[in-house]
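So you can see what is in the structure, the chains are spelled out below.
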Amino acid sequence: MDVQRIETDKAPAPAGHYAQATIANGFVFVSGQLPVVAGQGPRSDLSFEDQARLAIGNMLAILAEAGCGPERIVRVTAYIVGVENWPRFNAIYAQMMGDARPARTVVPAPELHHDCLVEVDAIGLLPG
(Lines give C-alpha, C1' and ligand atoms only; values in the text may rest on other atoms or scores of the structure.)
Protein backbone atom coordinates (compact mmCIF):
# COMPACT_ATOMS: atom_id res chain seq x y z
CA MET A 1 0.00 0.00 0.00
CA ASP A 2 1.43 3.34 -1.07
CA VAL A 3 1.35 6.61 0.82
CA GLN A 4 0.39 9.61 -1.28
CA ARG A 5 1.34 13.14 -0.28
CA ILE A 6 -1.08 16.02 -0.74
CA GLU A 7 0.10 19.48 -1.70
CA THR A 8 -2.00 22.56 -2.44
CA ASP A 9 -1.16 26.21 -2.85
CA LYS A 10 -4.50 27.04 -1.18
CA ALA A 11 -2.85 26.40 2.20
CA PRO A 12 0.61 27.22 3.54
CA ALA A 13 3.51 25.06 2.43
CA PRO A 14 5.07 22.94 5.17
CA ALA A 15 7.66 24.84 7.17
CA GLY A 16 9.44 21.66 8.21
CA HIS A 17 10.03 18.05 7.23
CA TYR A 18 6.39 16.98 6.74
CA ALA A 19 3.58 16.98 4.17
CA GLN A 20 0.42 19.09 4.30
CA ALA A 21 -1.39 15.75 4.33
CA THR A 22 -0.90 12.12 3.41
CA ILE A 23 -3.35 9.57 2.09
CA ALA A 24 -3.14 5.95 3.17
CA ASN A 25 -5.71 3.15 3.11
CA GLY A 26 -8.54 5.52 2.12
CA PHE A 27 -7.87 8.04 4.87
CA VAL A 28 -6.49 11.58 4.61
CA PHE A 29 -4.24 12.63 7.49
CA VAL A 30 -3.85 16.42 7.69
CA SER A 31 -0.84 17.83 9.51
CA GLY A 32 -1.39 20.47 12.17
CA GLN A 33 -2.47 23.77 10.63
CA LEU A 34 -1.68 27.07 12.29
CA PRO A 35 -3.18 30.42 11.30
CA VAL A 36 -0.70 30.91 8.48
CA VAL A 37 -1.36 32.72 5.22
CA ALA A 38 0.33 31.00 2.28
CA GLY A 39 3.28 33.08 1.16
CA GLN A 40 2.99 35.47 4.11
CA GLY A 41 3.66 33.43 7.21
CA PRO A 42 2.05 33.08 10.65
CA ARG A 43 -0.63 35.60 11.64
CA SER A 44 -0.31 35.62 15.42
CA ASP A 45 -1.23 39.31 15.24
CA LEU A 46 -4.86 38.44 14.41
CA SER A 47 -7.68 38.06 16.93
CA PHE A 48 -8.39 34.59 18.32
CA GLU A 49 -11.47 34.34 16.09
CA ASP A 50 -9.57 35.23 12.92
CA GLN A 51 -6.77 32.82 13.82
CA ALA A 52 -9.32 30.04 14.31
CA ARG A 53 -10.96 30.80 10.95
CA LEU A 54 -7.60 30.80 9.20
CA ALA A 55 -6.37 27.54 10.77
CA ILE A 56 -9.67 25.73 10.10
CA GLY A 57 -9.75 27.17 6.57
CA ASN A 58 -6.26 25.80 5.90
CA MET A 59 -7.34 22.38 7.17
CA LEU A 60 -10.45 22.41 4.95
CA ALA A 61 -8.46 23.53 1.88
CA ILE A 62 -6.02 20.64 2.25
CA LEU A 63 -8.85 18.16 2.71
CA ALA A 64 -10.62 19.56 -0.37
CA GLU A 65 -7.44 19.12 -2.43
CA ALA A 66 -7.50 15.44 -1.42
CA GLY A 67 -11.17 15.16 -2.46
CA CYS A 68 -12.60 15.16 1.04
CA GLY A 69 -15.30 17.61 2.12
CA PRO A 70 -16.28 18.44 5.72
CA GLU A 71 -18.90 15.68 5.74
CA ARG A 72 -16.11 13.10 5.28
CA ILE A 73 -13.97 14.29 8.21
CA VAL A 74 -13.89 11.62 10.89
CA ARG A 75 -11.61 13.22 13.48
CA VAL A 76 -10.34 16.70 14.41
CA THR A 77 -7.93 17.71 17.13
CA ALA A 78 -7.74 21.39 18.05
CA TYR A 79 -5.07 22.93 20.25
CA ILE A 80 -6.01 26.31 21.69
CA VAL A 81 -4.10 28.65 23.93
CA GLY A 82 -6.32 29.51 26.90
CA VAL A 83 -9.22 27.28 27.87
CA GLU A 84 -11.34 30.44 28.09
CA ASN A 85 -11.17 30.53 24.25
CA TRP A 86 -12.99 27.18 23.97
CA PRO A 87 -16.52 28.67 23.52
CA ARG A 88 -15.26 31.08 20.83
CA PHE A 89 -13.45 28.26 19.06
CA ASN A 90 -16.53 26.06 19.26
CA ALA A 91 -18.76 28.73 17.69
CA ILE A 92 -16.38 29.36 14.76
CA TYR A 93 -15.77 25.64 14.27
CA ALA A 94 -19.52 24.94 14.16
CA GLN A 95 -20.05 27.77 11.67
CA MET A 96 -17.28 26.56 9.35
CA MET A 97 -18.10 22.85 9.62
CA GLY A 98 -21.83 23.22 9.01
CA ASP A 99 -23.69 19.96 9.48
CA ALA A 100 -20.47 17.93 9.73
CA ARG A 101 -19.87 16.63 13.24
CA PRO A 102 -16.69 14.56 13.31
CA ALA A 103 -15.22 13.20 16.51
CA ARG A 104 -13.22 16.02 18.06
CA THR A 105 -10.85 16.81 20.90
CA VAL A 106 -10.02 20.33 22.05
CA VAL A 107 -6.75 20.51 23.94
CA PRO A 108 -5.90 23.63 25.96
CA ALA A 109 -2.22 24.44 25.49
CA PRO A 110 0.05 26.94 27.27
CA GLU A 111 1.60 28.06 23.96
CA LEU A 112 1.89 27.15 20.28
CA HIS A 113 4.55 27.72 17.66
CA HIS A 114 5.01 31.31 16.38
CA ASP A 115 2.87 32.60 19.31
CA CYS A 116 -0.28 31.42 17.51
CA LEU A 117 -3.44 30.72 19.49
CA VAL A 118 -4.94 27.84 17.45
CA GLU A 119 -3.72 24.72 15.65
CA VAL A 120 -5.92 22.02 14.12
CA ASP A 121 -5.32 18.66 12.47
CA ALA A 122 -7.77 16.20 10.97
CA ILE A 123 -8.41 12.77 9.55
CA GLY A 124 -10.78 12.44 6.62
CA LEU A 125 -12.22 9.47 4.74
CA LEU A 126 -12.02 9.53 0.98
CA PRO A 127 -15.19 8.76 -1.04
CA GLY A 128 -15.53 5.26 -2.42
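About the cut-offs
Residues numbered from 1 in each chain as written. Predicted model: local features only at pLDDT ≥ 70, side-chain atom pairs only at ≥ 80, totals over all residues. Heavy atoms only, no water. Pairing = 2+ DSSP bridges. Helix = DSSP H or I, 4+ residues; strand = E, 2+ residues; numbered from the N terminus. Axes fitted to C-alpha atoms, helices over the stretch in contact; angles between N-to-C directions. Contact = heavy atoms within 4.5 Å. Salt bridge = Lys/Arg side-chain N within 4 Å of Asp/Glu carboxyl O. Buried < 20%, exposed > 50% of the residue type's maximum accessible area, 1.4 Å probe, protein only.

Caption draft 1: Representation of the sheet that holds strand β3 (residues 27-33) within the structure. As summarised here, the arrangement of the six strands in space is β1-β2-β3-β8-β6-β7, forming an open sheet in which the pairing is mixed. Both edges of this open sheet fall to β1 (4-6) and β7 (103-109), since each of them pairs with a single strand only. Strand-to-strand twist of the sheet, defined as the mean angle between neighbouring strand axes without regard to direction, takes the value 15°. Judged from the three bridges that link them, β1 and strand β2 (residues 21-24) form a sheet pairing that is antiparallel. Bridging across to β2, I6 finds its partner in A21. Helix-sheet contacts for helix α1 (residues 48-66) involve β1, β2, β3, β6 (73-81) and β8 (118-125), and the interaxial angle to β8 is about 25°. The strands that helix α2 (residues 86-97) touches are β6, β7 and β8; relative to β7, the one it contacts most, it runs at about 145°.

Caption draft 2: Quick peek at the pattern of salt bridges. Tallying each qualifying case throughout the model produces three salt bridges. With a shortest N-O distance of 2.9 Å, D45 and R43 are connected by a salt bridge. Looking at D45, the relative accessible area reads 57%, which means it is exposed. The salt bridge involving E49 is made with R88; its shortest N-O contact spans 3.0 Å. Here the residue E49 occupies a position in helix α1, and R88 occupies one in helix α2, the gap between them amounting to 39 residues. Judged by relative accessible area, E49 falls into the partly exposed class, the value being 24%. Taking the relative accessible area as the measure of exposure, R88 reaches 36% and is therefore partly exposed.

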